[in-house]
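The lines below spell out each chain.
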Amino acid sequence: MTAPHQASPAASKRKVPPGALKAYAASLTGTSLEYYDFAIYSVASALVFPKIFFPGNNEFVGLLLSFSAFAVGYLARPIGGVVFGRLGDKIGRKYVLVFTLMLIGIATVLIGLLPGYATIGVAAPIILVLLRLAQGIGVGGEWGGAVLLSSEFGDANKRGFWSSAAQIGPPAGNLMANGVLAILAATLTDEAFLSWGWRVAFLASALLVVFGLVIRLKLEETPVFKAIQAHGEQPKAPIKDVFTKEPRALVAAALSRVCPDVLYALFTVFVAVYATKELGMTTGNVLAAILIGSAFQLFLIPAAGALTDRFNRRLVYGVAAVGTALYIPVFFWMIQGKSVAMLTLGVVIGLAFHAFMYGPQAAYITEQFPVRLRYAGSSLAYTLAGVIGGAVAPLVFTALYAATGNWYLIAGYLAVASVVTVVGLALGRNPQTKEEERLMQEAHA
C-alpha cells in the first residue's frame, strides 16, 4: 500500500485521447445536474421537510422521519446498481445514462409539486418516499456509467484525473443547490420560504435536466466498450459474475466508500442541524459555509485524482481517511465559540479531507474490476456502500446527538468509518491497465 505508483514516461507524454475532453465535460455536466436534484433534497430534508411532510409535537421525531425518507434514496441505490449495472455492461454506457438522468429529473420536479401533509394528509409523506425511491434508483445506475464515460475515453494511465469528472458532480450540484436555496432564504421571509420558496429549487431542475439530455444524446459510446463489443466479450450475467468471481474486489471497493460517505453527510446535512439548533446560527450562515466548502472541492477533487496518478492511490486515500478521524474532534472544538468564520473554515477543511478521498475514489473502485465487469462491479460497490454509509449517517448523527446532547459519539462514529475505509483500501489492488490496453490495440489493429 505504500509503493509509489507513477505513469511511465511514455504515458506521461501522450496527447489527450480523442473525445476525452468532451466525455469529461459530459460526465461532469451530467452528474452535476443529477446531484443538484439530490442535493436540494438533502438540504430540504434537514430544514424544510420535517415541518411540511412530517409535522408533529416532537421536533426530533419529525427530523428523524425526514432523514428516514432521505435514507430511502440510499437504500434504493442497489436496485439501480443491479438493473443499470447489468445493462451498462451488456448494451453500453450511453443510453443507460440518458435514462437515469430522466428518472432523477422527473422525480425531483414532482417533489416540487407535491402538496404537504396539511393538504393531503398521510399521502404526502408516502408519495415523497416513493419519489425519493425513484431518485435513489436513478443515482444508483448513474454513477458507474458517468465514471466509465470519462475514464474510458481518457488515458488509462491517468485514470485518477479522468475519472474525477464524475466526482466533481456532487460538489458542483451541491454548490448550485445551496446557492439557489441560499438566495431564496435570503430574499424571502421564513414563512414564504417554508410555504413555497423551497419548491422553486426543485422545479428549476427541469431546465437543467433538458440541458443534460441534449449533451448526453450527442455522445458516442466509449471506445473501451466498443472494443469489448468487437471481441464479443460482453458478460451474459454481469451481476452474478461480480458476486462469484470478484467478491474481494467488491468488498474492497464498497468499504473504501464508507468514510467519504459518512463525512459528506456530516458536512452537508447534519451540520445544518447542529449549527442552527445547538449554536443558534441562521440557515443562511450554514448554507454559505457549505457553499464555500463545495467551491473549494471543485478544484481539490480533480487535483486529488491527478495526484494519485503520480503517487500510490491507496496511500493518498488512506492518509485522508486517517486525517478525517483526527480532524472531527478539532472541528467541533473550533465551532463551540459560535463564530460563523470558524464554522466556514471548519466546513472547508472537512470537505477538503473528503475531496482527497472522493477525488481518487472513482479510479480506485473501477480498477478493482476487470474491464468486462466494470459497470456492474462499480455500481454495486457504490450502491451497497451507500446503504451502510451515507444512508444511515444522518439518522445516526441525529440519534447520537439527541441521546447525548454532545458531539463525542459523532466523532467516534467517524473514527469507525475511517477504519472501515482503511480496511477496504488494504484489501484492494493497485492500478492494472494491461487488459484495457490490449483491447484497444486489438480493436485498432
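The coordinates are above.
A. Structural view of helix α17 (residues 283–310). In a regular helix each residue adds 1.5 Å, so 28 residues correspond to 40 Å; α17 covers 41 Å between its end C-alpha atoms and thus fits that length. Along its length, α17 reaches its greatest deviation from straightness, about 35°, at leucine 298, and the proline proline 302 lies no more than four positions downstream.

B. Layout of the packing of aromatic side chains. Applying the stated rule across the entire model yields 24 aromatic pairs. Aromatic pair tryptophan 143 and tyrosine 382: ring centres 4.6 Å apart, planes at 5°, arrangement stacked. One end of the pair, tryptophan 143, is in helix α8 (residues 123–153); the other, tyrosine 382, is in helix α20 (residues 374–388), and 239 residues separate them in sequence. Just as tryptophan 143 is buried, tyrosine 382 falls in that class too. Seen from their ring centres, tryptophan 198 and phenylalanine 202 are 5.5 Å apart, and the 90° between their planes marks the pair as edge-to-face. In this pair, tryptophan 198 and phenylalanine 202 are both assigned in helix α11 (residues 190–203), four residues apart and thus about one turn of the helix distant. Here tryptophan 198 and phenylalanine 202 have matching classes, each one buried.

C. Inspection of the nonpolar core at higher detail. Residues Phe49 and Phe397 are the most contacted members of the largest nonpolar core, which totals 120 residues. Counting residues per element, this core draws most heavily on helix α16 (residues 258–277), at 15 residues. Among residues more than four places away in sequence, those in contact with phenylalanine 49 are Tyr41, Ala44, Phe54, Ser66, Ile111, Leu128, Trp198 and Phe202.

What counts, and where the lines are drawn
Residues numbered from 1 in each chain as written. Predicted model: local features only at pLDDT ≥ 70, side-chain atom pairs only at ≥ 80, totals over all residues. Heavy atoms only, no water. Helix = DSSP H or I, 4+ residues; strand = E, 2+ residues; numbered from the N terminus. Expected span 1.5 Å × (residues − 1). Bend = angle between axes of the 7 residues up to and from the residue. Phe/Tyr/Trp six-rings, centres within 6.5 Å; stacked < 30°, edge-to-face > 60°. Buried < 20%, exposed > 50% of the residue type's maximum accessible area, 1.4 Å probe, protein only. Core = buried A, V, L, I, M, F, W, Y, C linked by side-chain atoms within 4.5 Å. Contact = heavy atoms within 4.5 Å.

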